[in-house]
Amino acid sequence: MLNVSPYDWVNSHLDTIQRAGWYRQPRLVEDLSENTITINGQTLINFASNNYLGLATDTRVKQGAIRSIERYGIGATSSRLVVGNYELHRQLETKIAQWKGTESSLVFSSGYMVNVGVIPALVGNRDIVFSDRYNHACLKSGTKLSGSFVLEYDHCNSLHLAQLLENHRPHYRRSIIITDSVFSMDGDIAPLREIMALAEAFNSMVLVDEAHAVGVFGAEGAGVVQALGIRQPLIQMGTLSKAIGSLGGYVTADRALIAYLQNRTSTWIYSTGLSLGDTGAALTAIDIIQQQPQLRERLWHNCHLLGKILGITITSPIVPIIYENIDRAVSASAKLQDQGLLVPAIRPPTVPTPRLRISVMATHTETQIQKLGESLLAIDHRSAHT
Ligand SMILES: *Cc1c(COP(=O)(O)O)cnc(C)c1O
């Protein structure tokens, strides 16, 4: 046992990760504009960010954060239930609830914290979770933490979901169906109408994660639930950090459910309240989203332009280009980078199949979209399939 350290396993695991081609490191962002990003001294057109409407760099949103910080300071200084509950939090929660057409909402320090806290508050070891196979990692973590019996249904397959509900729902106390509305790595959309009908038939709750839908779908940009006109009771969550351009997460539902969550969600109760700058930025950004539908129109215009150039149908601003192996996806990403375009290669274990993941923004110019489309067609795009 001499010369053996309890940390020896770390290097051997790192080797394994490297040999599999799964090793990753963060890039250093040196500068960011409304549609470019500077990395290693190279300024690239940014097709990697979730900043769909460009609000993360918007002057009005920055001012919203600055005003809030000047008025209240940086940190909320304690959890919400002690002395970390501010007027701005109340305003933001009221605004989110109204926007989403619900009664009440709660904001958290991140979307991840919402899912790992809310799911275990809703279900436990006498209950069952039906989860889309492609759900976001934090939905899966929350489900695991809840100790519930979990069944994954095939991606967006409501027939498979119906079968599982039929066979298993009767044996458990509570049931919840959990799904992204827009899937974060595939950009496709959950069959929410069918899911709501099944939930009604099988007496099941529904949690919809609108992280990539808010700001993008719906008449007021409130998400896919709004776009589909769904009115049945359900639980919606989302993030303040994608189209809204700030940081934080929210859950929204009827008044009783939110009151219950305030008393039972550990990641809300035992974590410091959302910082005031992030709260103020989110308030301003949601105002802009509600008042300026032209931002959303601009985003969709860019999406359709890219679809036309590539000859594919686009369902959301997330456009995956699938490759058979990691090397090809990585080499395509490198070729695009040589041409001044940042399009990340996403690889296992994040996704089952390697891919380029394009993120379209409202702030891209037509020339930038054209350049991306033409570069993709010029590299080995033909041998890949979308
Ligand atoms: C990004 C994301 C989250 C997490 O939100 P954060 O605020 O970034 O923690 C949750 N769900 C989905 C589907 C996401 O894409």
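Above: the structure in question.
As a starting point, this report considers the structure included with it.

Calculation notes
- Residues numbered from 1 in each chain as written.
- Predicted model: local features only at pLDDT ≥ 70, side-chain atom pairs only at ≥ 80, totals over all residues.
- Heavy atoms only, no water.
- Salt bridge = Lys/Arg side-chain N within 4 Å of Asp/Glu carboxyl O.
- Helix = DSSP H or I, 4+ residues; strand = E, 2+ residues; numbered from the N terminus.
- Axes fitted to C-alpha atoms, helices over the stretch in contact; angles between N-to-C directions.
- Parallel < 35°, antiparallel > 145°, perpendicular 65-115°, else oblique.
- Contact = heavy atoms within 4.5 Å.
- Nonpolar A, V, L, I, M, F, W, Y, C, P; charged D, E, K, R; others polar.
- Pairing = 2+ DSSP bridges.

1. Re the pattern of salt bridges
Phase 1: Considering all chains together, one arrives at eleven salt bridges under this definition.
Phase 2: Its salt-bridge partner being Glu93, residue Arg80 comes within 3.0 Å of it at the nearest N-O pair. Highlighted residues: Arg80 in the loop between helix H2 (59-72) and helix H3 (87-99) and Glu93 in helix H3, separated in sequence by 13 residues.
Phase 3: Two residues, Lys100 and Glu210, come together in a salt bridge whose shortest N-O distance is 3.2 Å.

2. Looking at the packing of helix H11 (residues 276-291) against helix H12 (residues 293-310)
Phase 1: For the pair H11 and H12, the least separation of the axes is 5 Å and the interaxial angle reads 75 degrees. By the angle between their axes, H11 is roughly perpendicular relative to H12. For the pair H11 and H12, contact is made by Ile288, Ile289, Gln290 and Gln291 and by Pro293, Gln294, Leu295 and Arg296, respectively.
Phase 2: Broken down by class, the residue content of the contact of H11 with H12 amounts to four nonpolar, three polar and one charged.

3. Topic: the sheet that holds strand S13 (residues 345-346)
Phase 1: If you trace the three strands from one edge of the open sheet to the other, you get S11-S14-S13, paired in antiparallel fashion. Taken across any chain shown, the strands that pair with only one partner, and hence form the sheet edges, are strand S11 (318-322) and S13.
Phase 2: The pairing of S11 with strand S14 (residues 355-359) spans five bridges and is classified as antiparallel. Among the inter-strand pairings, Ile318 is bridged to a residue of S14, identified as Ser359.

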